[in-house]
Amino acid sequence: MKNFSVLAWIAAFAFPLFAGTPAHNLPKASPLPVPAPAQAAVPSSETDQTLHAMHDEMERARTRLQIPGVSKPFYIEYRLMDLDVRTVTASFGSLVNTSTTRDRIMSVDVRVGDYHLDSSNFISEDGFQGFLGSTGQVGIDRDYNSLRQDLWLATDQAYKQAATQMSLKQAFLRSLTKPPEIDDFAQEPPAQQIDPRIDPDWTSRNWEEEARKASEVLKDFPQLNGSRVNYYMVYVTYYLMNSEGTTLRTSRSLAAVEAALDTQADDGMLLHNYYSLYVARPTNLPDSAGLRKSLTQTGTELMQLRASPLVPDYTGPVLFDAPAAGSVLAQVLAPSLSGARPPLSMGSSFDAIMERFGGRSEWTGRVGTRVLPSNVTLVDDPTLKEFQGNVLLGNYAVDDEGVKAERVTLVDNGILRNLLMSRRPGPDLQKSNGHARSAMLSDTIPLASNLSFQSSDSLDAAALKKKFLDACHSDGHEWCLEVKRMDNPALSSIRQEDFNEFIGSIAGGLSSGERMPLTVYRVYVADGREEMVRGGHIEGLTLRSMRNILGVGGDSAVGTYMQNPAGGFAGTALGAFGSAQGGIPSTVTAPSLLLDEIEVRGFHGEPRRLPIVPAPPLK
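Thresholds, definitions, all that
- Residues numbered from 1 in each chain as written.
- Predicted model: local features only at pLDDT ≥ 70, side-chain atom pairs only at ≥ 80, totals over all residues.
- Heavy atoms only, no water.
- Helix = DSSP H or I, 4+ residues; strand = E, 2+ residues; numbered from the N terminus.
- Expected span 1.5 Å × (residues − 1).
- Buried < 20%, exposed > 50% of the residue type's maximum accessible area, 1.4 Å probe, protein only.
- Contact = heavy atoms within 4.5 Å.
- Core = buried A, V, L, I, M, F, W, Y, C linked by side-chain atoms within 4.5 Å.
- Disulfide = S-S within 2.5 Å.
- Salt bridge = Lys/Arg side-chain N within 4 Å of Asp/Glu carboxyl O.
- Polar contact = N/O pair within 3.5 Å; in protein donor to acceptor, adjacent residues only side chain to side chain.

## Let's talk about the environment of Asp 460
Along the chain, the position of Asp 460 falls in the loop between β18 (450-455) and α8 (461-474). In this structure the C-alpha to C-alpha distance between Asp 460 and Val 552, which are 92 residues apart in sequence, comes to 8.8 Å.

And the structure:
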């Protein structure tokens, strides 16, 4: 569909500037950590020249890289990714785009200092990095000599940047009354895992013809203004090698169908709907007949939404069905799951952006205290491959820093016991538990993988609905609201400008709990009758709203979503808004949730004018 990334003015904060600082201004040599042993040799039977090139250049950099008078690097890391991608996009039965591409990108990280204080995790006032950098594309033919040349230049540049960054960081720390005492980098034993490469297999299916046939069914909805049906299939081989002795090669695949539909109600309100499906490999995607059935249901739901009445302002109990509850948890919990310390920043801009996007953790410093109801347990388990027959795409054995994945019980009977950790220590925990994740070689940060919300005191569907209606009656409401699905603008927006408009409108309210439902029903207390309504958004739905849950359903729905890894998005409420193109596969398993005192604000804006001339016929 499209590859959404954060605006350039946000991304600029993530990169330091190396402007040729004279050697006498660089940090002086300091006592070095114990030298790492020689880099473990690549098995002689291994024919992958990528591993051999990475090993040989790593060994040369590890032993010879040093500027006179400047500390040697204590840590060097090479990451490389092979990408084979197939995309097919269709609209109303016509092919819009089709492509098959192969890319190879690398990232080099060089750190000076030591594990306690190094050159990483610092944002200076200089927000621009020159065109020569340590991350970029490399040759796709897996040539040994070409890759060594690229690694050599990138390592040289990364070392110079690290030396400059260390100088700026030390100067900044001297200006603080009390510099942080937490280590910058956790030591971990080296890992060795060389899995077989998985070569792309697009199968014998005609993807272009399938996309045409699937999208053609949307011609049955003449009120649609636009539609996109996007097939996305990717094979990835990930390499990691560091100077501590870690060597990693893993392969995975992902296939997705993401569809977006938009229309306009008779009163001028713009409306949309989306469909998404994620599977492990292309052969698992449904055929065009199965997809046509799903898209027909999506289009029918949008037409019902188009004809539904506007929802008025409302405050009271809200029942979130399991799919909606999973989306809410992904947005609300994400900022507080990470135990890593945020980067030091010389300016307030970075902190302001994170706060605006709902990126402030409410669980830092609260390990051992109650954060959720006493009957709730929250677990993240990247080692889990399936749940009740559903494949969990957040599964992995080793994280993107080469640390073995661990099952982590975050909350046990309401008490916060743990947090997700990478090799970046935090105020509560100092060791990694294998949750460092990234996409497209973005910075690794602790992120959820397969998150599960469990309750020891659940209700069946009938009992939960009765409790919901009883709560409505007790509050004196004639009707209350049930949310069946939440919105995802990364999938429901057909055009980039639609996504930018959405982010601009909602970003200011994320920190205070503004959330966007997609399908909402008014449920009447007298007889349980349901009526779809439109135009409302939720206010004040924060993590604190989860401390007093009125009821938890006995159902559980597995929701697969793509975490958006873009700088400024990852680890915030916006991180749940991603697409298959560049997103990090993740799942949330959640039951229906009944929450009290939820505020829903009806539509108070100005509707758009209808088109002067009706749309041309689709058939």
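## Looking at helix α2 (residues 49-64)
End to end, α2 covers 22 Å across 16 residues, agreeing with the expected 22 Å (1.5 Å per residue, within 8%). Where α2 is concerned, the buried positions are Thr 50, Leu 51, Ala 53, Met 54, His 55, Glu 57, Met 58, Ala 61 and Arg 62. As for α2, its buried residues are in contact with β1 (75-91), β2 (94-111), α3 (144-174), β5 (192-194), β6 (224-242) and β7 (247-264).

## Description of the nonpolar core
Ranked by internal contacts, the top residues of the largest apolar core, which has 56 residues, are Phe 320, Leu 337, Trp 363, Leu 378 and Leu 481. Considering every element that reaches this core, the biggest residue donor is helix α6 (residues 322-337), with eight residues. Once residues lying within four places of it in the same chain are set aside, the contact partners of Leu 378 are Leu 333, Leu 337, Trp 363, Val 408, Thr 409, Leu 410, Val 411, Leu 451, Ser 452 and Phe 453. Core analysis: the next-biggest nonpolar cluster, separate from the first, contains 32 residues, Tyr 231, Tyr 235, Val 279 and Leu 291 among them.

## Looking at the state of the cysteines
Going through the model one piece at a time under the given rule, you end up with one disulfide. Sulfur-sulfur distance for the disulfide between Cys 472 and Cys 480 comes to 2.1 Å. Of the two residues, Cys 472 and Cys 480, neither departs from the other in class, the shared state being buried.

## Considerations on the pattern of salt bridges
In total, this model carries 36 salt bridges according to the counting rule given. Salt-bridge contacts for Arg 79 lead to Glu 77; the nearest nitrogen and oxygen are separated by 3.7 Å. Arg 79 gets classed as buried once you look at its relative accessible area, which sits at 5%. Linking Glu 244 and Arg 423 is a salt bridge whose minimum nitrogen-to-oxygen distance equals 2.7 Å. Of the two residues, Glu 244 sits in the loop between β6 and β7 while Arg 423 sits in the loop between β15 (415-416) and β16 (436-437), which places them 179 residues apart along the sequence. Of the two residues, Glu 244 and Arg 423, both sit in the buried class.

## Remarks on the side chain of Ser 545
Summarising the element assignment, Ser 545 is placed in the loop between β22 (537-539) and β23 (549-552). A distance of 3.2 Å separates a polar side-chain atom of Ser 545 from the backbone oxygen of Gly 540. Each residue touching Ser 545, except ones within four places of it in the same chain, is listed here: Gly 540 and Leu 595.

## Some remarks on the environment of Ser 119
Structurally, Ser 119 can be placed in the loop between β2 and β3 (122-123). The buried category is assigned to Ser 119, whose relative accessible area is 6%. Spatially, the C-alpha atoms of Ser 119 and Ala 162 are 5.6 Å apart, while their sequence positions differ by 43 residues.

Treat this as a map of the structure, not an account of what it does.
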